[in-house]
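So the chains spell out like this:
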Protein chains: 4
Amino acid sequence: MVEQEKIAYDAPTEVKDIHVVNTYELEDRAREIVPKGGFDYISGGSADEYTLRQNQKAWETKRILPRVLADVEFPDPSTSILGHDIKVPFIMAPIAAHGLAHQTKEAGTAKGVADFGTIMSISAYSGAKFEEIEEGLQGSPRWFQIYMSKDDELNKNIIDEAKADGATAIILTADSTLSGNREKDIRNEFVYPFGMPIVSRYLTGSGANMSLNNIYSQSKQKISPRDVRVLKEYSELPIIVKGIQTPDDAMAAIGAGAEGVWVSNHGGRQLDGAPGSFETLEGISKAVAGRVPVIFDSGIRRGEHIFKALASGADIVALGRPVLYGLALGGWKGVRSVLEYFETDLERVMQLAGTQTIEDIKNAQLFD
Amino acid sequence: MVEQEKIAYDAPTEVKDIHVVNTYELEDRAREIVPKGGFDYISGGSADEYTLRQNQKAWETKRILPRVLADVEFPDPSTSILGHDIKVPFIMAPIAAHGLAHQTKEAGTAKGVADFGTIMSISAYSGAKFEEIEEGLQGSPRWFQIYMSKDDELNKNIIDEAKADGATAIILTADSTLSGNREKDIRNEFVYPFGMPIVSRYLTGSGANMSLNNIYSQSKQKISPRDVRVLKEYSELPIIVKGIQTPDDAMAAIGAGAEGVWVSNHGGRQLDGAPGSFETLEGISKAVAGRVPVIFDSGIRRGEHIFKALASGADIVALGRPVLYGLALGGWKGVRSVLEYFETDLERVMQLAGTQTIEDIKNAQLFD
Amino acid sequence: MVEQEKIAYDAPTEVKDIHVVNTYELEDRAREIVPKGGFDYISGGSADEYTLRQNQKAWETKRILPRVLADVEFPDPSTSILGHDIKVPFIMAPIAAHGLAHQTKEAGTAKGVADFGTIMSISAYSGAKFEEIEEGLQGSPRWFQIYMSKDDELNKNIIDEAKADGATAIILTADSTLSGNREKDIRNEFVYPFGMPIVSRYLTGSGANMSLNNIYSQSKQKISPRDVRVLKEYSELPIIVKGIQTPDDAMAAIGAGAEGVWVSNHGGRQLDGAPGSFETLEGISKAVAGRVPVIFDSGIRRGEHIFKALASGADIVALGRPVLYGLALGGWKGVRSVLEYFETDLERVMQLAGTQTIEDIKNAQLFD
Amino acid sequence: MVEQEKIAYDAPTEVKDIHVVNTYELEDRAREIVPKGGFDYISGGSADEYTLRQNQKAWETKRILPRVLADVEFPDPSTSILGHDIKVPFIMAPIAAHGLAHQTKEAGTAKGVADFGTIMSISAYSGAKFEEIEEGLQGSPRWFQIYMSKDDELNKNIIDEAKADGATAIILTADSTLSGNREKDIRNEFVYPFGMPIVSRYLTGSGANMSLNNIYSQSKQKISPRDVRVLKEYSELPIIVKGIQTPDDAMAAIGAGAEGVWVSNHGGRQLDGAPGSFETLEGISKAVAGRVPVIFDSGIRRGEHIFKALASGADIVALGRPVLYGLALGGWKGVRSVLEYFETDLERVMQLAGTQTIEDIKNAQLFD
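First things first, this report covers the structure right here in the doc. Sequence order as written defines the numbering, with residues in each chain counted from 1. Just so you know, chain letters begin at A and ligand numbers begin at 1, following the order they were written in. pLDDT decides what is reported in this predicted model: residues at 70 or higher carry local features, side-chain atom pairs at 80 or more are listed and counted, and totals for whole chains, interfaces and linings draw on all residues regardless. No hydrogens and no water enter the side-chain calculation; it runs on all heavy atoms of the structure.

## A word on the relation of the copies chain B and chain C
Argument step 1. In screw terms, the move from chain B to chain C is a rotation of 90° and a rise of 0.1 Å along the axis, fitting with an RMSD of 0.0 Å. Put plainly, the chains are arranged around a four-fold axis. Closest approach to the rotation axis within chain B is made by the C-alpha atom of B:Thr61, at a distance of 11 Å. The fit set for superposing copies consists of C-alpha atoms from residues with pLDDT of at least 70 in both; the fit itself is least squares.

What follows is the structure in structure tokens.
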């Protein structure tokens, strides 16, 4: 592993509760304090950003029908996923390089997630080491997301470490065998200002001073159902395949032993011209038909969105950028503020939609 | 009941006829004279204001087909609803806190409504007492809209008072068991500058200096068909359930004895992400199939809108914000000006569409 | 007839050929030289101007499929309508008060139309007398458009005069039994600056200093198939019913003896919230099924539009505002320039679409 | 052939590699250095530019579904067309007058295309002679695109020269029997600043100082399947009919012996109001059903677009304006840079979409 170079990048450092009116506003506030290269990296999508925008527009294709005589009070958003009972149907999505948003890196996010009380996903492209993140998590549940090496032995090493760290599931991200065409990063000549200790073992450098595309290129391209089987056998953990956008891939993943299907278009950061993530959810959920849980991300910004995703077949959703904006604005406390906002917002939506439980949401009819 | 505190809020006071070119313009004019907190409260919707906007956009989904050889002259917009003969197919919707728009509060609106000659709806969150409103109504017909207390005895008290006041129907608003996510109010830290004498009996305060969400929280959440039955039995008045957005809820209300179904999304102020109110009307009307009258609100700004709502199954419509802007701009005379505008506009639409009577409108075919 | 008052209104006076790049631009150029009240009257629509805009947007709902191996050269746009052979499939629409655009009034338009070589429609609300218009027409073919009086005898007088003037058909405008809700005119407090000599016999004044709504109110409201029969019997001329927007009205008109169906929403000036005129054309044409010619107006601004209207069942189209802008900009020569523009543009479209004749256009398939 | 006049037109001259972030940006950069008349000619469309815009919007009607477990690495974009093996599924489209973009004219484009390694299409309206273009091509493959003369003998001369030059196919452009209504050219009073040596034999002048419409008018209008047969017999080369927008014309071309169908709306430069080119592709491809190759152009700006076109039935696509912007910005090296951009972009799209070969793309399902 190459010595990590010191690159000038002044990530925010403040730790405080933040007032969340809505999460769109958080993006605007984060833009003011996160260095431009980092902010564009976090907020941007690929190419025309069609898919990025479509992730938002897609919500308007199905509308919530409030049930107003439903005898609801104090709705209960708790649920469970792969053996974890959680108080809300949302978890933290795996995201690379939290250090772009805050100097506490993934440890800050982890602490906020743990304090709030849901599942943390640790990215293989984390800028913090497992032990640093554990300082935030303090034993709280976590899943590990892997970008595979071309070298199977190194993958085993990584899995060994993730298991030792206590991961209860492995998320295999399958949609990113190269970087999407992120034009903002190209214009900014963006490189990571710090290394990626978990995967640096298979890179030509630490990750610092390298572009995302460079790093992706050094990861494994030839992802197939075989990888699902291999990871499952070696890890003896549930494998969740992330980046699924078609019923056929969902069934292929399940056929190879996956115990979770993660519907996502990577936040509009990979192949532009793909549908909005929500547009593909219902078809995939119907194909999966309850065989394994369906996790959903890409575009969740409000409680209404969580409701629509669950009503379209998702079992839980994952939150990404809004949490990172919370991290930027308030460190771990900002993370917690954002998660609390989603909890409060979802409870209000459940009350106003007339749904007492997550099961009620799943049975709700949306309006085209 | 707590002593009502004096909070600085300079509501308009002028009383005069106003010239109405259209009601959108009234909103712009009201913005200039109503204090910002009050104006945003009145005009705003919840969250992204998607549903608020959709209430307007939805009108474009069905278009009026003018019949031009229909032998029409002096079209007659009169109709009747629950035993009242009224000269127009529109009534005043229940709205909280008219005092935000004008110092005469609900009494001003009531006087304008009575002078024009249609039905007044009195909100449980009125800032004026029944006897004050009666000064405006002078015996003119009125319906009472209830936000229920968690305490059934207090509900009986309220019903007793409403009956004593002469209400001929009870409107049970079912879509507001909590406040919608009204971001403008949050940003403005909006609290009512005056109390709500009708419901203060079940609040921790008078209503003054309290937020809408605080007040809603102290009202009853668990609304169900049982409440329809209880209110009907106790009041011996027709119960109209307001906030219906699905055929199933309409049928549940009717099954519980409701004698009116009020299709509404609360002017886009409650659950954002719900369809435009007009989008749900036809399906509900078809399910109701004439068993009880259908009342419609949310988005009526022109005579064309009244026409489209009636042609889609509504029996009458209710007007909200435009009337309050009239109140702000001209007190009771302004209210009357707005109602006269709608009457004139509807008559013109009836003539140009080739419909002599309200029945003709109901039989008109719209164009998708 | 009241003496015509002199009201200050400086209509343009220039007579010259004009260069027409497109007709949208003509509107912009006319705005600069026509007094605001007159310009708004000519260019405006009613209420939200939804229907006015929709008349343009509707063109995008069906697209032309160019046929490129069609062996076409020197396409021939000539056609015939009600016994008139004309070199193009377009005529002049009836429009009131051309004097708002140019001091030569309808005589100017008539001269341009006659010089170009198509049919002039003379409006009952013309600001010029028949004999003045004849100075422009010089025997060229004309149709007369009637707004009926409530008094049948006066209608007979008007028909007598129109026949004496040489009208070969009567256009009964049925969509305007009141004025549309023209908000620009209301804001401008627009009144005609000159009288309407043809209908002043049934008005309380000359027409000068009167609003359109005042004049429409004094005309007949109760238009029905009976009027078609009466006009036909008395005039012994073909009756064309203008303002048809439904198959049912088309069939009613034909059933009453109409020899032409004129599909129009009056340029978006009458009932706002009606569909774009082109949207209703195909359904009406299919119902008419060739029994009588179908004339189309409302929104024709390019040769492409003429093509689409003919391919959707129109036999000829009528041009309105663009011709009046030509009149404003160049008097009768400007009118001729505009008509020549349409001829040239249509011929190019015919060549590029692979259609040698008007019949070929009628047989063309559009692409949804 | 008339002596070519010298007209002031300062085309760019620089030769250099260019950095391509995206091709939209190239248009902006080219605008700054290409004289306005030339830039508007190259970039503009006809009339309202509806079809020009629709060529872009149409891409959003079908979306790419990434397959993420597809075992793909180093995707291979090579293919073959009419006997040529090419490393990418795109070629250079025929475009008139490259000299507007760069002083090296078609020779510059040809050199970039040859150096990159795909097929050059030489336009009959080239500003360079065959021998000048050959200096760039250096034996690399080329097709010749013909605008026919009204005089068959001259067409034979032209074909003779093209064959002598080494053309391996003849592209018959059938959609341009007159110029589209290019309003920008009209406003700019645009005339070519140099002649067209290949077709000047049938013009009244060299082409210099003549408008496009003038030149088109002197070319042949009556294009029909007979021309396909005649060209094929005389040239003994494959004939590709360009400008096909309907299944019927595709089948007519094939029936007459065409060995390629080129779906195109001429970049939105001919009949405005036609559908976006991509909208017509699938229907035509289905009708052709593999009988002959389908070439596609009009609107390709990204690798995603190439993918969508191939997945909708195209065998190869042709690039136009973006290459000319590359020529303007960097001469032959700029041309090469643009082609390399498309190659890289397509390879990334193939990887992220999970398609190893062009055949895989053709079998991909798009998402409506």
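Moving on, there is more to tell.
## Observations regarding the interface of chain B and chain C
Argument step 1. Note on definitions: a residue-residue contact is assigned when non-hydrogen atoms from the two residues lie within 4.5 Å. Of the residues lining the interface, 28 residues belong to chain B; the matching set on chain C comes to 38 residues.
Argument step 2. Buried area between chain B and chain C, both sides added, is near 2,900 Å², and the carbon and sulfur share of it is 54%.
Argument step 3. Here the quantity called buried area is the accessible surface, traced with a 1.4 Å probe, that two parts lose on coming together, added over both. It is B:Val68, B:Leu69 and B:Leu352 that lose the most area in chain B upon contact with chain C, and together they represent 26% of the buried surface on that side.
Argument step 4. Throughout this description, the term salt bridge denotes a Lys or Arg side-chain nitrogen within 4 Å of a carboxyl oxygen of Asp or Glu. Where chain B packs against chain C, one counts 7 salt bridges.
Argument step 5. A salt bridge links B:Arg67 to C:Asp249; the nearest nitrogen and oxygen atoms lie 3.1 Å apart.
Argument step 6. In protein, a polar contact requires one atom able to donate a hydrogen and another able to accept it; more generally it is a pair of N or O atoms within 3.5 Å, and residues adjacent in sequence count only if both atoms are side-chain atoms. Put simply, chain B and chain C have 14 residue pairs in polar contact (both at pLDDT 80 or more) between them.
Argument step 7. Numbering goes from the N terminus for both helices and strands, where a helix is a DSSP run of H or I of at least four residues and a strand is a run of E of at least two. When contributions to the side of chain B that touches chain C are tallied by element, the ones reaching two or more residues are α1 (23-33), β1 (63-64), α12 (303-311) and α13 (321-353) of chain B.

## Focus: the side chain of C:Ser179
Argument step 1. In this structure, C:Ser179 sits in the loop between β7 (170-173) and α7 (183-188).
Argument step 2. Discounting chain neighbours no more than four positions away, the residues touching C:Ser179 are B:Arg348, B:Leu352, C:Leu212, C:Asn213, C:Tyr216 and C:Gln270.

## What about the sheet that holds strand β5 (residues 120-123) of chain C?
Residues and elements named next belong to chain C.
Argument step 1. Two strands qualify as a pair provided DSSP detects at least 2 bridges between them. Spatial strand order, β4-β11-β10-β9-β8-β7-β6-β5: 8 strands in an open sheet with parallel pairing. Each having just a single partner strand, β4 (90-92) and β5 make up the two edges of the open sheet. Each adjacent strand pair in this sheet contributes to an overall mean axis angle of 30°, direction not counted.
Argument step 2. Relative to strand β8 (residues 239-244), helix α9 (residues 225-235) is tilted by about 150°, and along the sheet it contacts β6 (142-146), β7 and β8. Only the contacting stretch of a helix is used when fitting its axis, a line to C-alpha atoms as for every element, and angles between N-to-C directions run 0 to 180 degrees.

## So, the interface of chain A and chain B
Frequently, the measure chosen for interface size is the accessible area that the parts lose on association.
Argument step 1. Facing the 28 residues of chain A at the interface are 36 residues of chain B.
Argument step 2. Buried surface at the junction of chain A and chain B, both sides included, amounts to about 2,900 Å², of which 54% is carbon and sulfur.
Argument step 3. The interface formed by chain A and chain B contains 7 salt bridges.
Argument step 4. As a salt-bridge pair, A:Arg302 and B:Asp48 come within 2.9 Å of each other at their nearest N and O atoms.
Argument step 5. For the interface between chain A and chain B, the tally reads 14 residue pairs in polar contact (both at pLDDT 80 or more).
Argument step 6. Put simply, the parts of the chain that give the side of chain A that touches chain B at least two residues each are α1 (23-33), β1 (63-64), α12 (303-311) and α13 (321-353) of chain A.
Argument step 7. If one sorts the elements of the side of chain A that touches chain B by residue count, α13(A) sits on top with 7 residues.

## Brief notes about the side chain of B:Arg321
All names here are of chain B.
Argument step 1. Assignment of secondary structure puts Arg321 in helix α13.
Argument step 2. For Arg321, which is buried and forms no salt bridge, the nearest opposite charge comes from Glu27, at a distance of 6.0 Å.
Argument step 3. With near-sequence residues (within four places) excluded, Arg321 lies in contact with Ile42, Ser43, Gly44, Leu52, Ile95, Gly267, Arg269 and Arg301. Each residue is assigned to one of three classes by its accessible area relative to the maximum for its type, calculated with a 1.4 Å probe on protein chains only: buried under 20%, partly exposed between the two thresholds, exposed over 50%. Neither His nor the chain ends contribute to the count of charged residues, in which Lys and Arg are positive and Asp and Glu negative.

## Brief notes about unusual backbone geometry
Excluding glycine, residues mostly carry a negative phi; peptide bonds, for their part, are mostly trans.
Argument step 1. At A:Asp71, a position not held by glycine, the phi torsion is positive, near 65°.
Argument step 2. When you line up the elements, A:Asp71 lands in the loop between β1 and β2 (79-81).
Argument step 3. For A:Asp71, a relative accessible area of 34% corresponds to the partly exposed category.
Argument step 4. Of note in the backbone geometry, D:Phe74 takes a positive phi value of approximately 45° without being a glycine.
Argument step 5. The topology assignment puts D:Phe74 in the loop between β1 (63-64) and β2 (79-81).
Argument step 6. The class of D:Phe74 is exposed, set by a relative accessible area of 69%.

## A closer look at the sheet that holds strand β4 (residues 90-92) of chain B
Residues and elements named next belong to chain B.
Argument step 1. Taken in spatial order, the 8 strands make up an open sheet running β4-β11-β10-β9-β8-β7-β6-β5, and their pairing is parallel. Each end of this open sheet is capped by a strand with a single partner; those strands are β4 and β5 (120-123). Each neighbouring strand pair of the sheet contributes to a mean axis angle of 30°, computed without reference to strand direction.
Argument step 2. For strand β7 (residues 170-173) and strand β8 (residues 239-244), the ladder comprises 4 bridges, and the chain directions are parallel. Bridge pairing in β8 places Ile171 opposite Ile240.
Argument step 3. Its contacts with the sheet put helix α6 (residues 152-165) on β5, β6 (142-146) and β7, and the angle it makes with β6 is roughly 170°.

## Quick word on the environment of B:Thr246
Argument step 1. Tracing the chain through its elements places B:Thr246 in the loop between β8 and α10 (247-255).
Argument step 2. Through-space distance from the C-alpha of B:Thr246 to that of B:Val263 is 8.6 Å; in sequence the pair is 17 residues apart.
Argument step 3. Contact partners of B:Thr246, with chain neighbours within four places excluded, come to A:Leu65, A:Pro66, A:Arg67 and B:Ile284.
Argument step 4. Only 3.1 Å separates the side chain of B:Thr246 from the backbone nitrogen of B:Asp249, close enough to count as a polar contact.

## Looking at the packing of helix α12 (residues 303-311) of chain D against helix α13 (residues 321-353) of chain D
All names here are of chain D.
Argument step 1. Two numbers describe how α12 lies on α13: the axes approach to 8 Å, and their chain directions differ by 60°. Where α12 crosses over α13, the two elements pack in a sense that is right-handed. Taken together, the residues of α13 that come into contact with α12 (itself represented by Gly303, Glu304, Ile306 and Phe307) are Phe342, Asp345, Leu346, Val349 and Ala353. Helix crossings fall into two classes, left-handed where the near helix is turned counterclockwise from the far one by less than a right angle and right-handed where it is turned clockwise.

## What about the packing of aromatic side chains?
Argument step 1. For Phe, Tyr and Trp, where Trp contributes only its six-membered ring, two rings pair if their centres lie within 6.5 Å, and the inter-plane angle classes them as stacked under 30 degrees, edge-to-face over 60, or tilted in between. Under the defined criterion, the tally for this structure stands at 52 aromatic pairs over all chains.
Argument step 2. On the numbers, 5.5 Å between centres and 75° between planes, the contact of B:Tyr341 with B:Phe342 is edge-to-face. Of the two residues, B:Tyr341 and B:Phe342, both sit in the buried class.
Argument step 3. A connected cluster of aromatic rings, assembled from ring pairs, spans A:Phe90, A:Phe116, A:Tyr341 and A:Phe342.
Argument step 4. The ring of B:Phe194 has B:Lys105 lying over it, and the distance from NZ or CZ to the ring centre is 4.6 Å. Think of it as a cone above the ring: NZ of Lys or CZ of Arg counts as a charge over the ring if it is within 6 Å of the ring centre and within 35 degrees of the ring normal.

## Let's talk about the arrangement of the chains
Argument step 1. Where chain A comes nearest to chain C, the C-alpha atoms are still 21 Å apart, and the two do not contact one another.
Argument step 2. The closest approach of any C-alpha atom in chain B to one in chain D is 21 Å; the two make no contact.

## Here's the deal with the environment of A:Gly299
Residue and element names in this part refer to chain A.
Argument step 1. Within the fold, Gly299 resides in the loop between β10 (294-296) and α12.
Argument step 2. Overall, Gly299 belongs to the buried group, its relative accessible area being 6%.
Argument step 3. In this structure, the C-alpha to C-alpha distance between Gly299 and Trp59, residues 240 residues apart in sequence, is 8.6 Å.
Argument step 4. Apart from residues no more than four positions distant in its own chain, Gly299 is found in contact with Asn55, Gln56, Trp59 and His305.

## Describing the pattern of salt bridges
Residue and element names in this part refer to chain D.
Argument step 1. Following the criterion strictly, the structure yields 106 salt bridges over all chains and no others.
Argument step 2. Two residues, Glu49 and Lys184, come together in a salt bridge whose shortest N-O distance is 3.1 Å. With a gap of 135 residues between them, Glu49 in the loop between α2 (36-43) and α3 (50-57) and Lys184 in helix α7 (residues 183-188) connect regions that are remote in the sequence.
Argument step 3. In this structure, the salt-bridge partner of Asp345 is Arg348, at a minimum N-O distance of 2.7 Å. Placement of both Asp345 and Arg348 in helix α13 is noted, with a separation of 3 residues, approximately one turn of the helix.
Argument step 4. Among the residues examined, Asp345 registers a relative accessible area of 1% and is labelled buried.
Argument step 5. Its relative accessible area of 15% is what places Arg348 among the buried residues.

Purely geometric stuff here, so don't read any function into it on its own.
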